[in-house]
Every structure is written in structure tokens, then in C-alpha cells.
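Structural description and commentary
Residue-level listing of the chains:
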Protein chains: 4
Amino acid sequence: MPLPLSTLNTLPPADFVAALGAVFEHAPWVAQGVAEGRPYPTVEALFSAMRATVEGAGEERRLALLVGHPELAGRAARSGRIAPDSIAEQAAAGLDRLSEAEYAQFERLNTDYRARFGIPFILCVKRHGRASLLATFERRLGSTREAERRVAEAEVMRIAAIRLDALVTGEGPLRTTGRISTHVLDTVAGRPAAGVAVELVEIVSATEAVPVARAVTNADGRTDAPLIGGRPVPMAAYELRFALGDHFRRLGLDLPEPPFLDIVPLRFGVGEPEGHYHVPLVATPWSYQTYRGS
Amino acid sequence: MPLPLSTLNTLPPADFVAALGAVFEHAPWVAQGVAEGRPYPTVEALFSAMRATVEGAGEERRLALLVGHPELAGRAARSGRIAPDSIAEQAAAGLDRLSEAEYAQFERLNTDYRARFGIPFILCVKRHGRASLLATFERRLGSTREAERRVAEAEVMRIAAIRLDALVTGEGPLRTTGRISTHVLDTVAGRPAAGVAVELVEIVSATEAVPVARAVTNADGRTDAPLIGGRPVPMAAYELRFALGDHFRRLGLDLPEPPFLDIVPLRFGVGEPEGHYHVPLVATPWSYQTYRGS
Amino acid sequence: MPLPLSTLNTLPPADFVAALGAVFEHAPWVAQGVAEGRPYPTVEALFSAMRATVEGAGEERRLALLVGHPELAGRAARSGRIAPDSIAEQAAAGLDRLSEAEYAQFERLNTDYRARFGIPFILCVKRHGRASLLATFERRLGSTREAERRVAEAEVMRIAAIRLDALVTGEGPLRTTGRISTHVLDTVAGRPAAGVAVELVEIVSATEAVPVARAVTNADGRTDAPLIGGRPVPMAAYELRFALGDHFRRLGLDLPEPPFLDIVPLRFGVGEPEGHYHVPLVATPWSYQTYRGS
Amino acid sequence: MPLPLSTLNTLPPADFVAALGAVFEHAPWVAQGVAEGRPYPTVEALFSAMRATVEGAGEERRLALLVGHPELAGRAARSGRIAPDSIAEQAAAGLDRLSEAEYAQFERLNTDYRARFGIPFILCVKRHGRASLLATFERRLGSTREAERRVAEAEVMRIAAIRLDALVTGEGPLRTTGRISTHVLDTVAGRPAAGVAVELVEIVSATEAVPVARAVTNADGRTDAPLIGGRPVPMAAYELRFALGDHFRRLGLDLPEPPFLDIVPLRFGVGEPEGHYHVPLVATPWSYQTYRGS
């Protein structure tokens, strides 16, 4: 349960560190370093102080912060010997249920990366779909030691921001979440289309699509909740699939068999995990349109 | 190579029958029966005469016409003991390269059907995709002997019409062909989108999509030839897939990575094999629209 | 300034009648008749009681209620000898600034109507544009005495409902208001179009268009307030006019001169004054789309 | 009646000059100059030769060619003392039926222009609508003598090209014509909308719209002929107006009164008189879309 910033501002220092000590993995010294600077007017101000503490730390500590991060789908993760937040984050990305071949691939990548750069591969997995995660891993293997140090620290900051955002409520939140939403308009009737089944899948490859969410549109043609919301939208290709044929059949329209439009797929890419992707469907039995809305 | 109707109208009777004897499977008597009625002003008139000859024949001959048809993916077909036209037709529908499980399914269906109705299952396979073919087979197994006799004869007529259309040129063709075409419009530039790769696939099931055609749009935003043309469009669900992201990248637009729109799938059903399905894509990097055009 | 329903529920009867006595024109007896029934849980319940009071009144009183209504653009109205609410309502409909020819037309219609039906022509003018008002007047002149009595009383109820809604706040409002709103989406940029000048005009005839509202879209591509809101939307044909060319010029796009799209007019009819007409513009320099949205 | 290029190539020189002597106003020497160079393989080659003859002529002749042109809506034009082609061209642009105020405006502009630049104002009026013509006139008055000489000669070439194109048929035509066409698609029915009345008007100003063409869509949703075709499309703002409400009423759809969409105006600008402006309407009773098509 998140704590209000006002509460955190007045906790005894030890309790404050207990609450935020895990924001940076194995590095409660970051929380310790900002306890004295309280009160913070906004969550952003608190996070800025934490970032400054890291950036002001000695080289040894900063390197240790990176080295302390668990590998993705690595041995430590598989045997449960990593921090609880990391366990949850890796599981959300599906890294706890890879095939043996995939584990082997990660093992090879992890080993290569550590050999080349002296630190584990660090990535804010909540911001990536499966395909993006692997592509990023491969790409970063071709980078330089110096650039990777900078990138790894930036990813540590992203991981920490998401964790902090989940722990604290208050003014000036960190905006670490994005959204995928939709909206179906029936332009035969000139009304929102209610009762339309919608499925969101992540397109991992030409042959693999992973279900993400299902919903049915309400009287306003929208889903009661975003298909993805309250968290970063993993960078990936997605498909929204609408049971449009069923909708027009229910209204009694005279459709051919099979109908011209039955399941309508809208495929789109997400490159901005903190963005709002509103992807509506404006349709008749013989036409449709979509766009990135607002 | 098709013959002009005017030539057929003047051939010696034996040559006429040699030319058209295979239009009805194992039934050169149909061609014989119309030889004397020449000349025919149109291909339609010739076909009407053939149809009338069948309908005026005795019960025994009409039944033999049905019984003479090969089963779909049956033993005779597998060992090449069927008429050359049937071999080609079944191959075009992919029935010559089924898995063992699929052969077994057809064998079961063929046996059940023949046991129930006393004739082989007859279907104009050129008008059906794989999923439609199987669904139709299953559905017709639940019908009655009388209805199936009528349906089988109607399918024989469809098969014969397509064969005749391929053999003869001239006035009043039989319109046994349909078309799938497309057209890409770039509404950022206000111009047809040239050089866009397009793929047409048949959606057989949630996990199987069979490539049908590939093309690249020309300067007019169209493909040089229809994606399907000059033959019936098999009843099926299709997907047109456009490499839209590549198009806008080539034009130098500043797109996110991954782009919002990259491969754009347009999924549509065909229920009218002799129809024209013009399915355009009107697009920007952030929106698109399609409709059944003309 | 509207009073809360809870206040009205507890006012001394005389004050209650003073507050609501003008809801029905020249008929404070309606308010008197419902004073005793207080408290009313909702505004709707209060209005239902008023309606029942009218419907339960004797024939003479009901007729007097109709006869007491001023004519539209009539002599009494022109010389200011009508109730203040009526003055404001007629002015809002532009009936206080007609040309002499138009006054003459109303005078003729008023005289004919009163001669035929024995009552003044009554219409809730806030629900009609100029063209609709005249067309309705002409059409109703062809009706019957009985039908017109019913229609006139229904219009009196509509007038009263709008007046009551403006006087009282509280649960169960009467929903006498509608809305025209818009929203501009730039699908070249994939973003709401900010800073677009929008004008709403009422199309009175092929040659007369009356400005209704002007606005500029905000960062969300919407106008800060609806173009019409907080009142019924007069039944009429409208045109929204968007300065789309200016928008794309400001963004530095290379447009021809004149641009393909410059001022974009969206013309639509309103037949439901209490409805919400959301009429968006989804556009590029070379294409646009609109629909009745939600 | 136009002559084939092959005929022109073989005419006696005097007849050739008689046929093409009026292509350049009061300057049969241009035709004379190219008679000897025959045969010309294409109309373009013939025109290039004429252009080269002008450009190779002495200063005096070139200036005379400009000075020989009649003023627009000038005294000579009003009293019929100009070349027949010029009479027709000015009439087509409506310059023979201006109001007295408009004549006075032209007279002032003509006088100013001639005083400033020593030549009459020359413009290929077939390429301009009324508003564009006046705006261009005003703009060019602010130019320099040298620039205007060049512009005037370029306009003479445009006038000559249109005249030549109308006189000769054959390979390599000059492409002096443009087109406005349309196409109505009903996406409720998934079919072209037949029987829709369409009107094209030129928008001269906020209060003046001049009818240009009327048509009704055929079974293919198109008009039998382009709304403008076979000539340059005058640069102007246009509105296509579609009687869409009537279409859906005829189909028996249940529409409100007034319908949401009744007369649909599509307003667009033409800046390229030799271009093809295909402006389709894709519509339902509650939505529509247009784009510059191909």
C-alpha cells in the first residue's frame, strides 16, 4: 500500500529508509542520503534528490550499484536469489517461464555482456515487450564500455522511478505509467458501439502473439478500464482485435457469409512506454478507420 | 489455349466434342448433345444448351454424372486416377499436399458422405478456401439426400462453367472470375504511395496463414495486376499486409521506433467468389482507413 | 441566480410562489398548486407535480394558459408588453431584430393561426433556429384545432421546463440542454491540432449564415467550452468552419497555393435540441473525416 | 474541328499558316516560321519549334507580340474589337458580364499596369477563377518591368499552348487540360452510391458562389463525365455539394429530421490547373470522408 508523501516527510529516519530502501536495488544508502533533506514538496523533488545522491556518490559505490543488479533470466533469478521487486518485474515480463532454448539464449547474452562490459546487463524490463527486450540486448552488446555504463545507470533510474511511484502518493508524481485505450464508433447507427468484444495481444514474432487483455465495450463504446494502464506500456507491436462482425449481426444487419469485416485487427507499435495510445475504431460493416487519438 | 467461339461453331462435330468433352467430367455426351444446335451466338448460350442437355437427360445419366466425379483428396485423386482437370483443380486448392491427419479427415468425411447420400461429395473447389471447404463439407453432411442431389448438380454446373470459360473466348462470357485488388494512398503527400510491398495471405485458422500473392505498388499506388484475378476468389478470410512503415521511412519522415504503423493488416472475408473486392489503404503514419471500394 | 431545491422545499409558500410563479406564463396558480406538496426529492418530481397541476385544471384555466402566451414577434412583443422571460427568449431567437418583411410575415402567420385555432401560436423558440421556426409555423397552420391544442400545451411544458431548470439546482435536473462540441486531430503529426480557429454558423438559407460562436482549439485539440452548451441546441443546419490551412502552414508544411484544404466546412443538422453533437475533424493537408462522435 | 498532326505536316504552307496563324495573337509569323521545319513527330515538337521561333525573334517583334494582346475586360474587348479566340476566352472567364463597378476596377488596373510596364496585362485567363485573376492582377502590379516582361511572355506561351492543343490532335499532346472528378461510396451498403445529385460551385468570395456544373452519380457512383475536364481547371476555391440526405432517404434508412447529414459540402482549392483533382465522398448518414485521390 503506497504511503502519502506527507507521511514519508515526517517518519523517523529509520522508518523512512525502511520504506524506500529498496527503490535502488541493494542500495539503502540512497534513501539514507536523502532522509535529512526532508520535507520534499513533491514526489519529483524526492526523486531528484535520490538521483543527485547517486550521481554524487564515489565511483566505487556507483559501480557497485550496477554490479548489484541481477541478470535478466539469470541463474540467480531462476533460483529465487534476487530482490523481491526484481522477481516480480522479471515475472511480469515473462522471464520466469522461458523455454530452455530461451534460457540458454539469455545465458549466452548475459555471459557475453558481463565479459565485455564488467557489469550485468541492466534494463527496465517493465518498459519492454519480449521482442524489444531481446533486440535491445543484442544491440547493446555492440556498444562501448563507457556508453553502457551511462545506459545502465539511466536504466537503474527508470527502475527506481517506477518503484518509487508505486510506493508514494502525492503532488508531482513521476509519470512512469502509460496507457492503451480504445473506443468503438458505429457510423451506421451514429452511436458508440456497445457490447463489442476486444482483445489486446502483443505480437512477439510472425508466429507468436501473446494475449494481454480482454474487454467488452460499454454503452459509451469504451472499455471500463484501459487495456493497459497504471504501468508503463511495454515497447512492442500490439494488435487490438474487435469482434465487429458480431456487433452488426446482433443489430440485425443483413451481412454476407462470411461478412466482409468480422474480426478487425488494428496493429500498432508502442515506442513510448509512458505515452497514451488511444486507438479507436470507427466502423461500418464495409469500412473502418483508426488513428492515434487523444 | 482457348478457342474462339466462332471457331467452335464451325468445327466438325467430332472435333467439337474433342474440344469440350471434358467440360462435364466423364460425360462427353453433353458436348455431343449440343453440337447440332450450333452456331451459338454467345458463350452463355452455349453453356445454357449444355445445362439444358443435362437437365433433359434421364435419371440414370444424371446420377452417373454425379457418381463419376472424383472424391476430394480421395484415394483415386492420390493415385492420380482422376481426370486431368480435377487433378489441377484439387492441386490448386492444396488438396494434393495435405498432412496425413488431414487426409484421414477427408477420408472419413468422404466415406460418411457416400454412405449417407450414395454419391461422392462434389464441390467446386476453386470457389473455396481450405477452411470454407471443410466447413461446407461438415455442414452438407447434415443435409438430406434430396437436397444434396440438387446441390451436387449445382456444383457440377459451377465446375463446368469455369472449365468452359477457360476453353472458349467470345461474346457473353460466363463471368466465373472475381478479383482482389488494392490501392495505397498517402494522405500526407496527397499522392498515391508507390513502392509499397503488399502481401495477400489466406487466413486458414487462428494459427495458419497461407501466402497467396506478393506485389509492390506502382506509381499509381496500385499493383500492376490484381492480387487474385482471372479466376474465382476462394471463399475465405484474407489479410492484405502493407509495409507502410517502410514507405514513410523512405520519404524521410521522422517516425518513432518502433513506428506507430509498420506492417498494416487489413482483414476481410470473401463470400462472393465472382465479386470484385477492391480494398484500398488510405494512410498517414498515424492513421489509416479502408473500405470495400469499386 | 438559481436556488437550491432544498431551499425551495423550505421557503414560506408566498416566497415559493414568488420564485416559481413565472415558470408558466401569467399562471402563478401552477406554483401555488404545488407548494403544499413539498418537499420534492428531485427537480423532476417538482416539475411532474406542476405538469399534473396543469393537466388537472379545468378546461377554462388550461385554455387561458394558452391564450395568455404572447405571439412570436407580435405587436405585444414589439412594444415590450410581454413577460420578461418571453422578451429574453424571443430576443435570443433573433425575433426582436427582424426586417420589416419578416415582421409582416410573422404578423400574417400569427393572424391566420389565431383565426384558425383560437389561440396564439406557441412554440418553445429556444429549441428552434430561424428556418425551423418558420417551417414549423407554416406546417402547424395546416393542422387541426384539436391537435394544435395538444401541441401548444406540450410546447408550454417545454418552455416551463427550461425556465424551471434555469431557476433551480438539485438532484434530477430536467436535461433541457444540449451541446455542440468539436475536436481537431492532425494525423500527419499524430497529435491534437492546437491553435486552430473554429467558427460555428447557423445556415438559415442558401444565402444567409448567422455566426453563432468562435473559438480556438487548445493543446488537447478541443475548444475550452462547447460551441453551444448549457441550453437547448436550436434545431437548424449548422456549419463548423476550421482554419485548417493556417494550421498546416504554421507547422511549416510545404503546401500549394491555394492549399487543397484551407477553410474546411462541416455541415450538419440538429434535430434533437437536448442531444450532444460532437463533430470532430480528423485531417491532413489532403484529406479529412468527420462523424457524429460521443 | 481539330486537324490531325499528320494532315498539318503535309498541308501547303499557306494552308498550314491559315490553320495555326492565330495560335499566337496577331502573330501569324510564328506559324510561318515553323512551316518549313515540318514534318513534326509530335504536337510537343511543333510547339517547341513555335516557342523557339518567338524566342529567336528580334526584340521589336517580341515586344509587339505582347503589345498586340488585348486587355482583360478592356474597351477593345467590350466593343468586340479583339481576336475571336480572345473573345471566347474572356467570356469563359465571365469577363464579358461584369458589373459596372467591376469594369471600372479592371479599367483602373489596366491603366495602372500599362502606365507602369508599357505593355497590356497578359494572363492566361483559362487558368484562373475570378478571385485568383484579380488577386494575380493586383500582385503583379507590384512587380518590376523586367520580371513582368518575362511573366507576360510565359503567359503568352500558355495561351498559345491551349489554342494549339485545341487545334491539333496527335502524338505528344501538350497536356494543357486538368480535371475535377468525384465518386460517392456508401459504406452502409458497401456499394457505390448511385443517383446522388452533385453540384460544383466556384467560391468567389465569402458571399459569392458561382455554379460550374451539375451531375448525378451513375451505377458506379461516378459522374458520367468529369465536373470539369478537357480544359485547364481555373485556379480557385471550389465546393462540391452532394445531396447525401436524399440518397439515404431513398434507401429507406430511418433518419432524424433534419438529418445529421443532408447537403454535404467538400471545399478544396485548385492551384494546379493541369492537375487531376479526384475528390471522392465516402459516407454514411453519420460520417464522411474525403481525400485528394487519383
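Every chain's residues receive numbers from 1 upward, in the order its sequence appears when written. For this description, chains carry letters from A and ligands carry numbers from 1, given in the order in which they are written. Only residues with pLDDT of at least 70 get local features here, since the model is predicted, and only at 80 or more are side-chain atom pairs given and counted; chain-wide, interface and lining totals rely on the full set of residues. Excluding hydrogens and water, the side-chain values take into account all heavy atoms of the structure.

**Quick word on the overall build of chain A**
Our working definition: Secondary structure follows DSSP: runs of H or I at least 4 residues long count as helices, runs of E at least 2 residues long count as strands, and numbering of each begins at the N terminus. Relative accessibility thresholds used throughout: buried, under 20% of the residue-type maximum; exposed, over 50%; partly exposed, between the two (1.4 Å probe, protein chains only). In this description, accessible areas are obtained by the Shrake-Rupley approach with a 1.4 Å probe, and a residue is regarded as covered only by the protein chains that are shown. Lys and Arg are tallied as positive, Asp and Glu as negative. Neither His nor the chain termini are counted. Just so you know, the charge point we use is NZ for Lys, CZ for Arg, CG for Asp and CD for Glu.
A tally of regular secondary structure across chain A gives 11 helices and 13 strands. Along the three orthogonal principal directions, the C-alpha set of chain A runs to about 70 × 45 × 30 Å. Each of the 294 residues in chain A was classed as buried or not, and the buried ones make up 52%. Element-wise, carbon and sulfur atoms account for 53% of the exposed surface of chain A, whose accessible area totals about 12700 Å². Across chain A, the mean location of the 32 positive side-chain charges is 2 Å away from that of the 35 negative side-chain charges.

**Digging into the domain arrangement of chain A**
All names here are of chain A. Using the following cut-off: The start and end points of each domain follow an automatic or database-based domain assignment. The quantity reported as buried area is the accessible area (1.4 Å probe) lost by two parts once they are put together, taken as the sum for both. Throughout this description, the term salt bridge denotes a Lys or Arg side-chain nitrogen within 4 Å of a carboxyl oxygen of Asp or Glu. Pairs of N or O atoms are called polar contacts if they sit within 3.5 Å, as long as, within protein, a hydrogen donor faces a hydrogen acceptor (for residues adjacent in sequence, only side-chain-to-side-chain pairs).
What the domain assignment lists for chain A is domain 1 (3-169) and domain 2 (178-289). Between the C-alpha centres of domain 1 and domain 2 the distance comes to 34 Å. Buried area between domain 1 and domain 2, both sides added, is near 730 Å², and the carbon and sulfur share of it is 53%. Per-residue buried area on domain 1 facing domain 2 is highest for K126, R127 and R130; these three make up 62% of the total on that side. Where E274 meets R127, a salt bridge forms, and the shortest distance between an N and an O atom there is 2.8 Å. The tally of links between domain 1 and domain 2 comes to 4 residue pairs in polar contact (both at pLDDT 80 or more). Of the residues forming the side of domain 1 that touches domain 2, the biggest block, 3 residues, is contributed by helix α9 (residues 130-141).

**Some details on the interface of chain A and chain D**
Using the following cut-off: Contacts are assigned to residue pairs with any non-hydrogen atoms lying within 4.5 Å of each other. Only Asp, Glu, Lys and Arg are considered charged, only Ala, Val, Leu, Ile, Met, Phe, Trp, Tyr, Cys and Pro nonpolar, and every remaining residue, Gly among them, polar.
In this assembly, 9 residues from chain A lie in contact with 9 residues from chain D. Contact between chain A and chain D buries roughly 630 Å² in total, counting both sides, with carbon and sulfur atoms accounting for 59%. Remark: the boundary between chain A and chain D carries 0 salt bridges. Joining chain A to chain D, the criterion identifies 4 residue pairs in polar contact (both at pLDDT 80 or more). Its residues assigned to classes, the side of chain A that touches chain D shows 4 nonpolar, 5 polar and no charged.

**Details of the sheet that holds strand β9 (residues 236-243) of chain A**
Each strand in a sheet pairs with another by means of backbone hydrogen bonds, the pair being arranged parallel or else antiparallel. Residue and element names in this part refer to chain A. Note the following rule: A pair of strands is labelled paired if DSSP reports no fewer than 2 bridges between them. Fitted lines through C-alpha atoms serve as axes, helices being fitted only where they are in contact, and the angles separating the N-to-C directions of these axes extend from 0 to 180 degrees.
Strand order in the open sheet made by the 4 strands is β7-β6-β9-β10, with antiparallel pairing throughout. Each edge of the open sheet is held by one strand with a lone partner, namely β7 (208-216) and β10 (263-270). Between one strand axis and the next, the sheet turns by 25° as a mean value, whatever way the strands run. One ladder, built from 8 bridges, connects strand β6 (residues 197-205) with β7; its direction is antiparallel. Its bridge partner lying in β7, V198 is registered against A215.

**Observations concerning the UniProt feature "domain: Transthyretin/hydroxyisourate hydrolase" (unreviewed entry) in chain A**
Under the convention used in this document: UniProt positions are given in the numbering used here, feature names are shortened, and annotations may be inferred rather than shown by experiment.
According to UniProt, the positions carrying the feature "domain: Transthyretin/hydroxyisourate hydrolase" (unreviewed entry) are residues 180-293 of chain A. Secondary structure over residues 180-293 of chain A splits into 6% helix and 50% strand, and the C-alpha atoms at its two ends are 11 Å apart.

**Some thoughts on the side chain of R38 of chain D**
Residues and elements named next belong to chain D. Looking at where R38 falls in the secondary structure, it is placed in the loop between α3 (29-35) and α4 (43-56). D15 provides the closest opposite charge to the buried, salt-bridge-free R38, at an N-O distance of 8.5 Å. A polar contact of 2.8 Å, which involves the side chain of R38, links it to the backbone oxygen of A35. Those residues in contact with R38, other than ones at most four positions away along the chain, are L8, N9, T10, L11, P12, P13 and F16.

**Description of the environment of R158 of chain A**
Residues and elements named next belong to chain A. Within the fold, R158 resides in helix α10 (residues 145-167). We classify R158 as partly exposed; its relative accessible area is 37%. In this structure the C-alpha to C-alpha distance between R158 and D254, which are 96 residues apart in sequence, comes to 52 Å. With residues near it in sequence (within four places) discarded, R158 still touches C124 and R127.

**Some points on the pattern of salt bridges**
Within this structure, the stated rule accounts for 83 salt bridges over all chains. Two residues, R163 of chain A and D85 of chain A, come together in a salt bridge whose shortest N-O distance is 3.7 Å. In this pair, R163 of chain A is assigned in helix α10 and D85 of chain A in helix α7 (residues 84-92), connecting sequence segments 78 residues apart. Overall, R163 of chain A belongs to the buried group, its relative accessible area being 7%. Note that R222 of chain D and D220 of chain D form a salt bridge whose closest N and O atoms lie 3.1 Å from each other. According to the relative accessible area criterion, R222 of chain D is partly exposed, its value standing at 27%. For D220 of chain D, a relative accessible area of 37% translates into the label partly exposed.

**Things to note about the interface of chain B and chain A**
With 24 residues of chain B at the interface, the matching set in chain A holds 24 residues. Summing both partners gives a buried area of about 1900 Å² for chain B against chain A, and 62% of it is carried by carbon and sulfur. Of all residues in chain B, the largest losses of buried area upon contact with chain A belong to F260, R267 and Y288 of chain B, amounting jointly to 34% of the total for that side. Secondary-structure elements contributing two or more residues to the side of chain B that touches chain A are β9 (236-243), β10 (263-270) and β13 (287-291) of chain B. With 7 residues, β10 of chain B is the largest single contributor of residues to the side of chain B that touches chain A.

**Here we look at the relation of the copies chain B and chain A**
Let me state the cut-off plainly: Superposition of the copies used a least-squares fit over C-alpha atoms from residues whose pLDDT is at least 70 in both.
Least-squares fitting of chain B to chain A yields an RMSD of 0.1 Å, with the superposition described by an axial translation of 0.0 Å and a rotation of 180°. Within this description, the copies of the chain are treated as partners about a two-fold rotation axis. It is Q289 of chain B whose C-alpha, among those of chain B, lies nearest the rotation axis, at 2.1 Å. Both copies present the same face, since 100% of the interface residues in chain B are matched by interface residues at the equivalent positions in chain A.

**Remarks on the relation of the copies chain A and chain D**
Two chain copies here: they are related by a rotation about an axis and a translation along the same axis. Of the transformation placing chain A onto chain D, the axial shift is 0.0 Å and the rotation is 180°, giving an RMSD of 0.1 Å. Most of the interface of chain A is mirrored in chain D: 100% of its interface residues are interface residues there too.

**Description of the packing of aromatic side chains**
Filter applied, for reference: In summary, the pairing rule links any two rings of Phe, Tyr or Trp, Trp by its six-membered ring, whose centres are within 6.5 Å, and it sorts them by plane angle into stacked for under 30 degrees, edge-to-face for over 60 and tilted for everything else. Only Lys NZ and Arg CZ are tested; either one counts as a charge over a ring when it is within 6 Å of the ring centre and within 35 degrees of the ring normal.
Enumeration according to the criterion identifies 38 aromatic pairs over all chains in this entry. An angle of 35° between the planes, with centres 5.7 Å apart, marks the rings of F260 of chain C and F268 of chain D as tilted. Taken as a pair, F260 of chain C in the loop between α11 (244-250) and β10 (263-270) and F268 of chain D in strand β10 (residues 263-270) lie in two separate chains rather than in one. For F268 of chain D, a relative accessible area of 2% puts it in the buried group. A network of ring pairs unites the aromatic residues F106, Y113, F117, F121 and F137 of chain A as a single cluster. Above the plane of the ring of Y277 of chain A lies R292 of chain A, whose end atom (NZ or CZ) is 3.9 Å from the centre.

**Some thoughts on helix α9 (residues 130-141) of chain C**
Residue and element names in this part refer to chain C. So the rule is basically this: Any helix carries an expected span of 1.5 Å times its number of residues minus one. Read the arc as the range of directions from the helix axis to the C-beta atoms.
Between the first and last C-alpha of α9 there are 17 Å, a value that for 12 residues agrees with the 16 Å anticipated at 1.5 Å per step. Buried within α9 we find R130, S132, L133, T136, F137, R140 and L141. In an axial view of α9, the angular spread of the buried residues amounts to 165°, which keeps them on one side of the axis. Elements in contact with the buried residues of α9: α8 (100-117), α10 (145-167), β6 (197-205) and β7 (208-216).

**Thoughts on the pairing of strand β12 (residues 281-284) of chain D**
Residue and element names in this part refer to chain D. Judged by which residues are buried, β12 turns out to be covered on both faces: L281 and A283 on one side and V282 and T284 on the other are all buried. Where strand β4 (residues 184-186) meets β12, 3 bridges bridge the pair, whose relative direction is parallel. When the sheet's bridge partners are listed, V184 is paired in β12 with L281. The sheet contact formed by β12 and strand β13 (residues 287-291) spans 3 bridges and is antiparallel. Counterpart to V282 in the pairing with β13 is Q289.

**A word on the UniProt feature "domain: Oxo-4-hydroxy-4-carboxy-5-ureidoimidazoline decarboxylase" (unreviewed entry) in chain A**
Sequence positions flagged by UniProt for "domain: Oxo-4-hydroxy-4-carboxy-5-ureidoimidazoline decarboxylase" (unreviewed entry) are, in local numbering, residues 9-165 of chain A. Helix makes up 66% of residues 9-165 of chain A and strand 0%, with an end-to-end C-alpha separation of 15 Å.

**Overview of unusual backbone geometry**
Residue P258 of chain A follows E257 of chain A across a cis peptide bond; omega there is 0°. Structurally, P258 of chain A is set in the loop between α11 (244-250) and β10. For the bond running from R38 of chain B to P39 of chain B, omega is 0°, close enough to zero to count as cis. Following the sequence through the fold, P39 of chain B ends up in the loop between α3 (28-35) and α4 (43-56). Non-glycine residue H26 of chain A carries a positive phi angle of around 55°. When you line up the elements, H26 of chain A lands in the loop between α2 (13-20) and α3 (29-35). The exposure class of H26 of chain A is exposed, given its relative accessible area of 56%.

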